[in-house]
Amino acid sequence: MSTENDVPLGDDSRRYYEQQFGDRIRQVNKGRGETPKSKSGGSNWNSRAGCGGGAVAAFVIVRIVIALFRVSSSPSHNYSIPDPSEFQVNQQALDQLLQQAREQQKGMPIPVDGGAKGGGLIQLVGKEDIPLLKGLCYRIHRESKGPGESPGKHILQLLDPDARDLLVRSAEGKELGPQEEKDLLEALDDVLYENHFYTPVVFRNVPGVATWRLVGDIGSARSNRLLLEKCYPQQIVPLGKRDTLTEQDRARWKKQAQEDLDKAKLEDKRAK
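Structural notes, computed from the coordinates. From a predicted model like this one, the values you see are computed outputs, not experimental measurements. (Residues numbered from 1 in each chain as written. Predicted model: local features only at pLDDT ≥ 70, side-chain atom pairs only at ≥ 80, totals over all residues. Heavy atoms only, no water.)

Counting its secondary structure elements, the chain contains 11 helices and zero strands. Put simply, the chain runs from its N terminus to its C terminus through helices and strands in the order α-α-α-α-α-α-α-α-α-α-α. Counting the 272 residues in the chain, one finds 29% classified as buried. Within the chain, residue pairs in contact and separated by at least 24 positions form 66% of the contacts whose partners lie at least 6 positions apart. Carbon and sulfur atoms make up 53% of the accessible area of the chain, which amounts to about 18,800 Å² in all. (Helix = DSSP H or I, 4+ residues; strand = E, 2+ residues; numbered from the N terminus. Buried < 20%, exposed > 50% of the residue type's maximum accessible area, 1.4 Å probe, protein only. Contact = heavy atoms within 4.5 Å. Areas by Shrake-Rupley, 256 points an atom, 1.4 Å probe, with all protein chains shown as cover.)

Below is the structure:
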């Protein structure tokens, strides 16, 4: 921002100071009086020398003042230029971190979200999750035969005809071959990816479903898996425990599933 006291720089500045200080110097020289002229012209030379010396002095003073003005008006920022080698070191460290992140991501499963069937890299319902397949099939088939809406009836409706037939056969106590068991488990896994798997009226009587609705990501396949656990807690190993169970743990889960199956059959026998 300029003010009325600002002085122009460059040639204009130089002329300005010459006018200001030159006039004063000339006035001082006049106050001393003129030196008498001599016939030899020596006094004339001295007068010229005095005038010339005053002009030189004025010019020197002007240059000094201009130099001081420029120094005082110039910004006093101190810039520190980083060493280029520091950029190279930082870039190398960043490249190493990026490479480590890429290596860690290799082979990692993609988080399971809702969507098309088979959209996840991990199977949410596998052989290690079902300690007694015929026990789970019996529970599902038993519910499907009851009045009104139920998880079992809903799941059977979502299964394709071949998988539905396999589930009924297993519920009736017929042994399935290894490939048939695999096909049925894959079909149950696919059901979890159905966008309309969760229907409030179907699961309204499942214990803990109210809490699940508060904390669950409703609509995702993983959330549907948690809901399935709540429907059949004695027949399905929780997803969070599937990789931590020992052989003894799995044996206890299988025994528990068998006891749950026997209990359901006994209740049905008494009801007849």
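With that settled, consider the environment of glycine 240. Along the chain, glycine 240 falls in the loop between helix H10 (221–231) and helix H11 (247–271). A residue is classified by how much of its surface remains accessible, and glycine 240, at 70% relative accessible area, is exposed. Linking glycine 240 and leucine 226, residues 14 residues apart in sequence, is a C-alpha distance of 9.6 Å.

Let us look at the pattern of salt bridges. The full count for this structure, using the stated rule, is 10 salt bridges. Among the salt bridges present, the one from aspartate 129 reaches arginine 242, with a minimum N-O distance of 2.4 Å. Separated by 113 residues along the polypeptide, aspartate 129 in the loop between helix H3 (84–105) and helix H4 (133–144) and arginine 242 in the loop between H10 and H11 bring together distant segments of the chain. A relative accessible area of 0% places aspartate 129 in the buried class. Taking the relative accessible area as the measure of exposure, arginine 242 reaches 11% and is therefore buried. Glutamate 229 serves as the salt-bridge partner of arginine 225, at 2.5 Å between the closest nitrogen and oxygen. Taken together, the residues span about one helical turn, with arginine 225 and glutamate 229 both in helix H10 at a distance of four residues. The exposure class assigned to arginine 225 is buried, which follows from its relative accessible area of 1%. Glutamate 229 gets classed as buried once you look at its relative accessible area, which sits at 13%. Within this structure, Glu128, Asp129, Arg225, Glu229 and Arg242 form a network of salt bridges that share partners. (Salt bridge = Lys/Arg side-chain N within 4 Å of Asp/Glu carboxyl O.)

On to the packing of aromatic side chains, then. Enumeration over the complete set of coordinates arrives at three aromatic pairs. Between the aromatic rings of phenylalanine 197 and phenylalanine 203, the centroid separation amounts to 5.6 Å while the plane-to-plane angle is 40°, which identifies the pairing as tilted. Accessibility expressed as a relative area gives 1% for phenylalanine 197, which makes it buried. Phenylalanine 203 sits in the buried class, given a relative accessible area of 1%. Joined through ring pairs, the aromatic side chains of Phe197, Tyr198, Phe203 and Trp212 make up one cluster. Here the guanidinium or amino end of lysine 265 rests over the ring plane of tyrosine 138, the centre of that ring lying 5.8 Å away. (Phe/Tyr/Trp six-rings, centres within 6.5 Å; stacked < 30°, edge-to-face > 60°. Lys NZ or Arg CZ within 6 Å of the ring centre and 35° of its normal.)

The N-to-C vectors of H4 and helix H7 (residues 178–191) enclose an angle of 50°; their axes lie 12 Å apart at closest approach. Here H7 runs oblique to H4, going by the angle between their axes. Remark: the crossing between H4 and H7 carries left-handed chirality. Of H7, the residues touching H4 (which contributes Leu133, Leu136 and Cys137) are Glu181, Leu184, Leu185 and Leu188. Considered class by class, the residues forming the contact of H4 with H7 number six nonpolar, no polar and one charged. (Axes fitted to C-alpha atoms, helices over the stretch in contact; angles between N-to-C directions. Parallel < 35°, antiparallel > 145°, perpendicular 65-115°, else oblique. Left-handed = near helix turned anticlockwise from the far one by under 90°. Nonpolar A, V, L, I, M, F, W, Y, C, P; charged D, E, K, R; others polar.)

Take it as geometry only, folks, not as evidence of what the structure does.
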